[in-house]
Amino acid sequence: MNRTLTREQVLALAEHIENAELHAHDISKVTNDYPDMTFADAYDVQWEIRRRKEARGNKIVGLKMGLTSWAKMAQMGVETPIYGFLADYFSVADGGVVDCAKLIHPKIEAEISFVTKAPLHGPGCHIGQVLAATDFVVPTVEVIDSRYENFKFDLISVVADNASSTRFITGGQMANVADVDLRTLGVVMEKNGEVVELGAGAAVLGHPASSVAMLANLLAERGEHIPAGSFIMTGGITAAVPVAPGDNITVRYQGLGSVSARFV
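Definitions and cut-offs
- Sequence order as written defines residue numbering, which begins from 1 separately in each chain.
- Local features are withheld for residues below a pLDDT of 70 in this predicted model, meaning they are given only at 70 or higher, and side-chain atom pairs are given and counted only at 80 or more; totals for whole chains, interfaces and linings count all residues.
- Only heavy atoms go into the side-chain values, all of them from the structure, while hydrogens and water stay out.
- UniProt positions are given in the numbering used here, feature names are shortened, and annotations may be inferred rather than shown by experiment.
- Under the DSSP-based scheme used, a helix requires at least four consecutive residues in state H or I and a strand at least two consecutive residues in state E, with every element numbered from the N terminus.
- Expected span, for any helix, means 1.5 Å times one less than how many residues it has.
- Between buried and exposed lies partly exposed: a residue is buried under 20% and exposed over 50% of the maximum accessible area for its type, with that area taken using a 1.4 Å probe on protein chains only.
- Note: the arc covers the axis-to-C-beta directions of the helix.
- Any two residues whose heavy atoms approach within 4.5 Å are treated as being in contact.
- Any two strands with at least two DSSP-identified bridges between them are counted as paired.
- As a rule, the C-alpha atoms of each element are fitted with a line to give its axis, helices using only the stretch in contact, and angles between N-to-C directions run from 0 to 180 degrees.
- Two N or O atoms form a polar contact when they lie within 3.5 Å of each other; inside protein one atom must be a possible hydrogen donor and the other a possible acceptor, and for residues adjacent in sequence the pair counts only when both atoms belong to side chains.

In the nomenclature of an unreviewed UniProt entry, the protein is known as 4-oxalocrotonate decarboxylase of Ectopseudomonas chengduensis.

(A) Representation of the UniProt feature "domain: Fumarylacetoacetase-like C-terminal" (unreviewed entry) in the protein in the model. With numbering matched to this structure, UniProt assigns "domain: Fumarylacetoacetase-like C-terminal" (unreviewed entry) to residues 107–263. Secondary structure across residues 107–263 comprises 17% helix and 37% strand; the distance between its end C-alpha atoms is 11 Å.

(B) Looking closely at helix α1 (residues 7–23). In this model, α1 (17 residues) spans 24 Å end to end at C-alpha, consistent with the 24 Å of a helix rising 1.5 Å per residue. Residues Val-10, Leu-13, Ala-14, Ile-17, Glu-18, Ala-20 and Glu-21 constitute the buried set of α1. For α1, the arc enclosing every buried residue in end-on projection is 150°, short of the 170-degree limit, so these residues lie on one face. Residues of α1 that are exposed and angled more than 90 degrees away from the buried face: Glu-8 and His-23. Where α1 is buried, its residues touch α2 (39–55) and α5 (155–160). Ala-24 sits one or two residues past α1 and shows a positive phi near 55°.

(C) Geometry of the sheet that holds strand β13 (residues 257–263). The strand order β4-β13-β12-β8-β9 describes an open sheet built from five strands, whose pairing is mixed. The open sheet has two free edges, formed respectively by β4 (96–98) and β9 (194–200), since each of these has just one partner strand. Direction aside, the axes of adjacent strands within the sheet are offset by 25° on average. When strand β8 (residues 186–191) meets strand β12 (residues 248–253), the two strands line up antiparallel, connected through five bridges. The residue bridging Glu-190 from the neighbouring strand is Thr-250, located in β12.

(D) Fine view of the side chain of Ser-211. Mapped onto the fold, Ser-211 is located in helix α6 (residues 208–220). Assessed through its relative accessible area of 0%, Ser-211 is described here as buried. A distance of 2.8 Å separates a polar side-chain atom of Ser-211 from the backbone oxygen of Thr-234. Once you skip the residues sitting within four places of it in the chain, Ser-211 turns out to touch Met-65, Thr-68, Val-204, Leu-205 and Thr-234.

Structural data, given as structure tokens:
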């Protein structure tokens with residue numbers, strides 16, 4: 001894995017980016033100052049941000065894949081999915097409130113999340129292994145919030161920014177993977193009572209379980225794996241929809257109930 005940053009530069013960038021998240025102020029994309037940064041550098045920065053949070057007592061409660069839907073990749077003009085981590089304070093109760101004062105330019109997307117009952121190791125992890133290792137799936141709405149000015153960035157900068165992670169809302173009903181066709185599972189996203197996006201699970205790499213397999217294979221590049229009991233958001237089924245104070249959102253999942261939240 002090719003790297004261009006020194007340890008000191010990784011530490012400084014992690015502090016810079018995390019401060020932007022914690023204090024809700026935007027920054028210019030990091031590749032402006034480090035144009036030769038590689039994906040390995042960017043993940044070094046992300047993992048250092050994760051270490052900083054854990055050192056302060058935050059718990060890492062899950063992992064997420066990003067840019068996994070054809071709609072999302074088209075919206076962002078990219079071709080490569082990425083991953084990030086979820087801290088404990090990112091979690092919002094179903095029907096709860098998201099404080100926009102703590103965010104910069106939030107957007108929401110509908111997702112299916114997996115909870116594992118057995119570990120998954122790459123390389124070579126495939127969809128069959130994922131389905132066998134899955135305890136259940138559950139509807140989730142992710143709130144993403146890039147820390148970059150005017151939502152302008154490149155993929156390496158996004159990886160360093162923990163894949164734009166900020167909040168997530170889990171609700172609806174849990175389901176056994178054998179009881180639901182995740183490819184044809186339909187979702188309807190409503191904002192203030194109006195339908196704004198429609199989608200189906202196949203938008204996520206053909207099947208959301210493929211996203212989990214890809215995560216295991218990406219983690220293997222750093223000598224990591226997906227432990228048993230992991231919560232994994234598989235990526236947006238629809239394009240991301242901007243939200244602002246005063247908005248109410250509900251995402252309905254075919255046969256699995258709904259997830260809702262208010263933005264203030």
